[in-house]
Amino acid sequence: MADFNPYAPPSATTDIDPGTGDPLFTDSQVALATFFGSPIAGFIVLAINERRMGRGDQIAKMIGLGVVASAFVIGLALVLPSEMPGFIVTLGYVFGMREGARRWQGEEIMARLSNGTPKGSYWAMVGIGLACVIPLALVFAAIFFVDPSLMPK
């Protein structure tokens, strides 16, 4: 008990694996990438976080989930009535990705950021999102080329 000093500042001791020390992305940044580039962009950001936190074995899982989620969104966009505003679907998957990122990585990301790991750039999120838009646009173009009746009026 002689070692206890009530006036000493608290010490931050954690058992968090330091990972690579590279910048990590928050749930809001995942949502931003998703907004610009669909769920695949958000899952790519989650995969980057996984690699930087030392869990490279999760990358394939994240990319696979991103492909499935983006295919679902594309399929949903093709079957929804044209009267339905598209921003409703967009808001749904953007906020869904933010909540998913918060649940999957949120606490660990915040702990690492508070321990000195730098936060990633928002510009990187815009770039990742826009880099995902081009292949998606090509997918839509191919779908509409094969079956022009699917094109919205």
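Report on the accompanying structure. Quick caveat, the model's predicted, so the values are computed rather than measured.

**Structural notes on the packing of aromatic side chains**
1) Next: Tallied over the full model, the rule gives three aromatic pairs.
2) Next: The interplanar angle of 40 degrees and the centroid separation of 5.7 Å between the aromatic rings of phenylalanine 43 and tryptophan 104 together place this pair among those described as tilted. Note that phenylalanine 43 is positioned in helix H1 (residues 27-52) and tryptophan 104 in helix H3 (residues 86-114), a separation of 61 residues in sequence.
3) Next: Owing to a relative accessible area of 5%, phenylalanine 43 belongs among the buried residues under this scheme.
4) Next: Overall, tryptophan 104 belongs to the partly exposed group, its relative accessible area being 46%.

**Describing the pattern of salt bridges**
1) Next: For the structure on display, the rule yields six salt bridges.
2) Next: Across the salt bridge formed by glutamate 50 and arginine 55, the nearest N and O atoms sit 2.6 Å from each other.
3) Next: Judged by its relative accessible area of 4%, glutamate 50 is buried.
4) Next: Its salt-bridge partner being glutamate 99, residue arginine 102 comes within 3.6 Å of it at the nearest N-O pair. Of the two residues, arginine 102 and glutamate 99 both sit in helix H3, three residues apart, roughly one turn of that helix.
5) Next: Look at arginine 102 and you get partly exposed, because its relative accessible area is 38%.
6) Next: By sharing partners, the salt bridges in this structure join Asp27, Glu99, Arg102 and Arg103 into a single network.

**Brief notes about H3**
1) Next: The sharpest bend along H3 measures roughly 65 degrees and falls at glutamine 105.
2) Next: Within H3 the residues assigned to the buried category are Val89, Tyr93, Val94, Met97, Gly100, Ala101, Gln105, Gly106, Ile109, Arg112 and Leu113.
3) Next: Taken together, the buried residues of H3 touch H1 and helix H2 (59-79).
4) Next: Taken from the residues just after H3, glycine 116 is the one with a positive phi, measuring 110 degrees.

**A short note on the side chain of arginine 52**
1) Next: Following the sequence through the fold, arginine 52 ends up in helix H1.
2) Next: Buried and unpaired, arginine 52 has aspartate 22 as its nearest opposite-charge partner, separated by 4.2 Å.
3) Next: Among the polar contacts made by the side chain of arginine 52, one reaches the main-chain carbonyl oxygen of proline 23 at a distance of 2.5 Å.

Reading the values: rules and limits
Per chain, residue numbering runs from 1 following the sequence as it is written. Only residues with pLDDT of at least 70 are given local features in this predicted model, and only at 80 or more are side-chain atom pairs given and counted; all residues enter the totals for whole chains, interfaces and linings. Note: side-chain values were computed over all heavy atoms of the structure, leaving out hydrogens and water. Think of it this way: a Phe, Tyr or Trp ring, Trp meaning its six-membered ring, pairs with another when their centres are within 6.5 Å, and the plane angle makes it stacked under 30 degrees, edge-to-face over 60, tilted otherwise. We count a stretch as a helix when DSSP gives it H or I for four or more residues in a row; a strand needs E for two or more, and each element gets its number in order from the N terminus. Type-normalised accessible area, obtained with a 1.4 Å probe on protein chains alone, sets the label of each residue: buried when under 20%, exposed when over 50%, and partly exposed for intermediate values. Each salt bridge in this description consists of a side-chain nitrogen of Lys or Arg and a carboxyl oxygen of Asp or Glu lying within 4 Å of one another. Here the bend at a residue means the angle between the axes of two seven-residue stretches, the one that ends at it and the one that starts at it. Contacts: residue pairs with any heavy atoms within 4.5 Å of one another. A positive count includes Lys and Arg, and a negative count includes Asp and Glu. His and the chain ends are not counted in either. Polar contacts, as used here, are pairs of N or O atoms within 3.5 Å; protein pairs need one atom able to donate a hydrogen and one able to accept it. Residues neighboring in sequence count only if both atoms are side-chain atoms.

Everything listed here is a matter of geometry and, on its own, says nothing about what the molecule does.
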